[in-house]
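Inside the fold
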Amino acid sequence: QLRARERLKMLLPLVFVIIFMLLYMTFRSVSEAIIVMLSVVYAMTGGVILQWLLGYNFSVAVWVGYIALYGVAVQTGVVMVVYLHEALDRRLQQGGEITERDVLQATIDGSVLRLRPKLMTVTVVMASLVPIMWSTGVGSDVMKPIAAPIIGGMITSTIHVLVITPVIFYTVVLSVVEVL
């Protein structure tokens, strides 16, 4: 466990940097890569809160749960930003001057399109992991610490991706539009 912990201390920051670089290459924008990375931070807080409430110490199993949560949070954050971009691009294709109201409407349209897929993702993850938290059989002592950060993180990630990410996107796009 000590060797694994030391290896994780070295690998996790490296993985975060690599993911950030991949996000930057995908969006060609530091601000949008940061928006997606913020969803990860917000998801991690939910994981930490549930881990604390359940009294789990940081272990290799808990870190495995955080790694899985990180992947889901990045994926849902990326999809939300893509949906928001598509809605904004539809408005840009119409031509003419873009107003604050246009940016707001594009943000709302993109967010509404992403609502059902995000809720479906959360429902499936929760439906698969909540029974693990009630289990008492062989292996439950290992599986519960893996599931706890994911469950807590999915709750806060949902709030962030559906509410806060669109607000941040709107603010960033609006600041860019005002500069132009």
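The following refers to the structure shown. (Residues numbered from 1 in each chain as written. Predicted model: local features only at pLDDT ≥ 70, side-chain atom pairs only at ≥ 80, totals over all residues. Heavy atoms only, no water.)

Points about the overall build of the chain
The condition that has to hold: Each helix corresponds to a stretch of at least 4 residues labelled H or I by DSSP, and each strand to a stretch of at least 2 residues labelled E; elements are numbered beginning at the N terminus. Each residue is assigned to one of three classes by its accessible area relative to the maximum for its type, calculated with a 1.4 Å probe on protein chains only: buried under 20%, partly exposed between the two thresholds, exposed over 50%. Contacts: residue pairs with any heavy atoms within 4.5 Å of one another. All accessible areas in this document rest on Shrake-Rupley with a 1.4 Å probe, and a residue is counted as covered only by the protein chains that are shown. Only four residue types enter the tally: Lys and Arg on the positive side, Asp and Glu on the negative side; His and the chain ends are excluded. Charged side chains are reduced to one point each, which is NZ for Lys, CZ for Arg, CG for Asp and CD for Glu.
Helices and strands together make up the secondary structure of the chain, namely five helices and zero strands. For the chain, the α and β elements follow one another from N to C terminus as α-α-α-α-α. Oriented by its inertia axes, the alpha-carbon framework of the chain measures out at about 65 × 35 × 20 Å. Across the 180 residues of the chain, 41% fall into the buried class. Expressed as a percentage of contacts within the chain between residues at least 6 apart in sequence, the contacts between residues at least 24 apart total 76%. Summed over all atoms, the accessible surface of the chain reaches about 10,300 Å², with 71% contributed by carbon and sulfur. Looking at charge distribution, the chain has the averaged site of its 12 positive side-chain charges lying 14 Å from that of its 10 negative ones.

Regarding the nonpolar core
Which entries qualify depends on this criterion: Grouping buried Ala, Val, Leu, Ile, Met, Phe, Trp, Tyr and Cys residues that are joined through side-chain atoms within 4.5 Å yields what is termed a nonpolar core.
Counting residues in each nonpolar core, the largest one holds 30 residues, and the members touching the most others are Leu23, Val36, Leu69, Val74, Leu129, Ile150 and Met154. Those elements giving two or more residues to this core turn out to be helix H1 (2–27), helix H2 (30–54), helix H3 (60–93), helix H4 (100–134) and helix H5 (140–179). Residue contributions to this core peak at nine residues, all from H3. Excluding residues that lie within four positions of it along the chain, valine 74 makes contacts with Ile19, Leu23, Val36 and Val40. Of all hydrophobic cores here, the second largest spans 13 residues; its members include Met80, Val103, Val161 and Leu174.

Points about the environment of leucine 53
Mapped onto the elements, leucine 53 comes out in helix H2. When the C-alpha atoms of leucine 53 and tyrosine 70 are compared, they prove to be 20 Å apart, with 17 residues separating the residues in sequence.

Comments concerning H1
Threshold: Under the convention used throughout, the expected extent of a helix is 1.5 Å for every residue step, that is, one less than its residue count. Bend, at a single residue, is the angle you get between axes fitted to the 7 residues ending at that residue and the 7 residues starting at it.
The terminal C-alpha atoms of H1 lie 38 Å apart, and with 26 residues this matches the ideal 38 Å at 1.5 Å per residue to within 8%. Its maximal kink placed at leucine 8, H1 deviates by approximately 25 degrees. For H1, the full list of buried residues reads Leu8, Leu12, Leu23 and Phe27. In this structure, the buried residues of H1 make contact with H2 and H3. One or two residues past the end of H1 sits arginine 28, with phi positive at roughly 55 degrees.

Here we look at the packing of aromatic side chains
The geometry of an aromatic ring pair is captured by the separation of the ring centres together with the interplanar angle, meaning the angle of the planes. Put simply, the rule is: Centres within 6.5 Å are what make two rings of Phe, Tyr or Trp a pair, Trp counting through its six-membered ring; a difference in plane orientation under 30 degrees is then read as stacked, over 60 as edge-to-face, and the rest as tilted.
Counting across every chain of the model gives four aromatic pairs. Taking the centre distance of 5.7 Å and the plane angle of 50 degrees together, the rings of tryptophan 63 and tyrosine 66 count as tilted. In this pair, tryptophan 63 and tyrosine 66 both sit in helix H3, three residues apart, roughly one turn of the helix. Grouping aromatic residues by their ring pairs yields a cluster made of Phe58, Trp63 and Tyr66.

Everything listed here is a matter of geometry and, on its own, says nothing about what the molecule does.
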